[in-house]
Amino acid sequence: MSIAFPKGYRFAGVHCDVKPNTTKLDLALVVSDVPATAAGVYTKNLVCGAPVILDRSRTPGFGLRAVVVNSGVANACTGELGLVNATKMTALASAAIGAPENSSLVLSTGVIGVQLPMDNIARGIQDAARELAATETAFDNAAHAMMTTDTHPKTAARTLCCCDGSKITLAGMCKGAAMIGPNMATMLVILMTDAALDPEPAQDMLRRAADATFNCISVEGHTSTSDSVVFFANGVAHPAPLTGTDLVQFEQALLELCEELARMIPNDGEGVSHMITIDVSGCATRADAKQIAKNIANDPLVKTAICGADPNWGRIVSAAGWAGVPFDPGKVSLKVNGFPLYKDGMPLPFDKPLVSDHIRQNRETHFELSLQEGTESIRFWTSDLTAEYVRLNSDYTT
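Remember, it's a predicted structure, so these values are computed and weren't measured experimentally.

A. A look at the overall build of the chain. What the chain contains, in helices and strands, is 11 helices and 14 strands. A compact globule built from 398 residues should have a C-alpha radius of gyration of about 21 Å, and the chain, at 22 Å, falls within 12% of that. By principal-axis analysis of the C-alpha atoms, the chain measures approximately 70 × 55 × 35 Å. Long-range contacts, defined as pairs at least 24 residues apart, comprise 80% of the intrachain contacts of the chain with a sequence gap of at least 6. For the chain, the exposed area adds up to about 15,600 Å²; of that, 54% sits on carbon and sulfur atoms. Here the chain contributes 31 positive and 42 negative side-chain charges, whose respective centroids are spaced 1 Å apart.

Here's what the structure looks like:
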């Protein structure tokens, strides 16, 4: 798939034996040719990886040049040595591109509790630095190198015109297929633009976008140790920080980009056969709507019902009822794939085989749950739960 990417960035993806006994790419390097603003949002899991600790200390900020990513080893639950290794990775990446030592970020994903093979990592960073290029192939290689159990790379881009006629581009790459439970970002994401942004506005904008997208997806509800979204803005195409209409238009494009990337993750969830969109409306607060949607999304009985094409509306309504949000059960209505199944607290007659066939024959499943407690709503995305998911995760490290 052809994709636009912003000016002033180069990319590389190499194999350096972080993932043993394979030739899969496992180290990526994304470089801004000039010092850039960088923002980041990270996991809220108290047990977080060393890269998260390091990147939090450097974002938001200005003068960042690169992010180095390895897949295969998460560098989480690795103690003081893990933090030393994360810091060394950033120093090696910075040195390889001729940048100051603390001008890089690091992301790691893979098995928890394993130390990084630093000799291999060091070799991989040198190899990646030699292969850096501003080409579609290099961009694609970097996206591949982030993957663990993903079945394909996940990339997206947006281009927009500013009021002064200049053209700016946003692009992103992400990975994630399991251990996806929103409480920040829910995987690894690198976003970049050739527009200029100051650190605090970039951080605020990223936080809002992540909350509406990456925080609204789930595969099984597990908040990872490594969840990170980092965002670079280098100003190569538009050197002056965006303001006014340009800034509003840019934030909308960032939101749309994040939503496109976020949807790809549960849609590529391990063993997934259905992508589920959950719309919850009529709530007193957006937080209430999110809590209900998240409870439905993570309920294994709901997820297995959709796997089996069972329009079991009782499981969906019940999952809403124990989400911890007060509402009047007599004012709840539900549609599945547009079919009304439940209205004002009462079941409706419906053609069960017809609805079941509709679920079975379509990868996309849509829940519309409406309350009558207020005007707030949310959209949330999840996946079904299949026997293949259980198989993949039952022997992940053995």
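B. Looking closely at the confidence of the model for the chain. Averaged over all residues, the pLDDT of the chain equals 92, while 94% of them reach at least 70. Counted against residues more than four places away or in other chains, residues 180–186, with its pLDDT under 50, gives 48 contacts.

C. Summary view of the packing of helix H5 (residues 199–212) against helix H6 (residues 244–267). It is at 9 Å that the axes of H5 and H6 come closest, and there the two elements cross at 35 degrees. In terms of crossing hand, the pair formed by H5 and H6 is right-handed. Judged by residue contacts, Met205, Leu206, Arg208, Ala209 and Ala212 of H5 engage Leu247, Phe250, Glu251, Leu254, Leu255 and Cys258 from H6. Broken down by class, the residue content of the contact of H5 with H6 amounts to nine nonpolar, no polar and two charged.

D. Region of interest: the environment of Ser383. Position of Ser383 relative to the elements: it lies in strand E14 (residues 376–383). Overall, Ser383 belongs to the buried group, its relative accessible area being 0%. Separated by 85 residues in sequence, Ser383 and Asn298 place their C-alpha atoms 9.0 Å apart. For Ser383, the contacting residues outside a window of four places in its chain are Ser218, Val219, Pro266, Val272, His274, Ile276 and Lys303.

E. Region of interest: the sheet that holds strand E13 (residues 364–370). Within the open sheet, the six strands sit side by side as E12-E11-E10-E13-E9-E14. Their pairing is mixed. Whereas interior strands pair on both sides, the edge strands pair on one side only; in this sheet they are strand E12 (346–347) and E14. Note: strand E9 (residues 275–283) against E13, seven bridges, orientation parallel. What sits directly across from Ile276, in E13, is Thr365. With respect to the sheet, H6 is in contact with E9, E13 and E14, its orientation differing from that of E14 by roughly 45 degrees. Strands strand E10 (333–336), strand E11 (339–343) and E13 of the sheet are contacted by helix H10 (residues 352–361), whose axis makes an angle of about 120 degrees with E11.

F. Structural view of the state of the cysteines. Counted under the stated rule, the structure contains zero disulfides. For Cys77, which is in no disulfide, the shortest distance to another cysteine sulfur is to Cys48 and amounts to 9.0 Å. The partly exposed category is assigned to Cys77, whose relative accessible area is 47%. With no disulfide of its own, Cys216 lies closest to Cys258 among cysteine sulfurs, the gap being 12 Å.

G. Representation of the packing of helix H7 (residues 286–298) against helix H9 (residues 313–321) within the structure. Where H7 contacts H9, the axes come no closer than 8 Å and their chain directions differ by 135 degrees. Classed by the angle they form, the pair H7 and H9 counts as oblique. Here H7 runs over H9; the crossing is right-handed. Where H7 abuts H9, its residues Ile292, Asn295 and Ile296 lie against Ile316, Ala319 and Ala320.

What counts and what doesn't
- Residues numbered from 1 in each chain as written.
- Predicted model: local features only at pLDDT ≥ 70, side-chain atom pairs only at ≥ 80, totals over all residues.
- Heavy atoms only, no water.
- Helix = DSSP H or I, 4+ residues; strand = E, 2+ residues; numbered from the N terminus.
- Rg over C-alpha atoms; globule rule 2.2 N^0.38 Å.
- Contact = heavy atoms within 4.5 Å.
- Areas by Shrake-Rupley, 256 points an atom, 1.4 Å probe, with all protein chains shown as cover.
- Lys, Arg positive; Asp, Glu negative; His and termini not counted.
- Charge placed at Lys NZ, Arg CZ, Asp CG, Glu CD.
- pLDDT = per-residue confidence, 0-100.
- Axes fitted to C-alpha atoms, helices over the stretch in contact; angles between N-to-C directions.
- Left-handed = near helix turned anticlockwise from the far one by under 90°.
- Nonpolar A, V, L, I, M, F, W, Y, C, P; charged D, E, K, R; others polar.
- Buried < 20%, exposed > 50% of the residue type's maximum accessible area, 1.4 Å probe, protein only.
- Pairing = 2+ DSSP bridges.
- Disulfide = S-S within 2.5 Å.
- Parallel < 35°, antiparallel > 145°, perpendicular 65-115°, else oblique.

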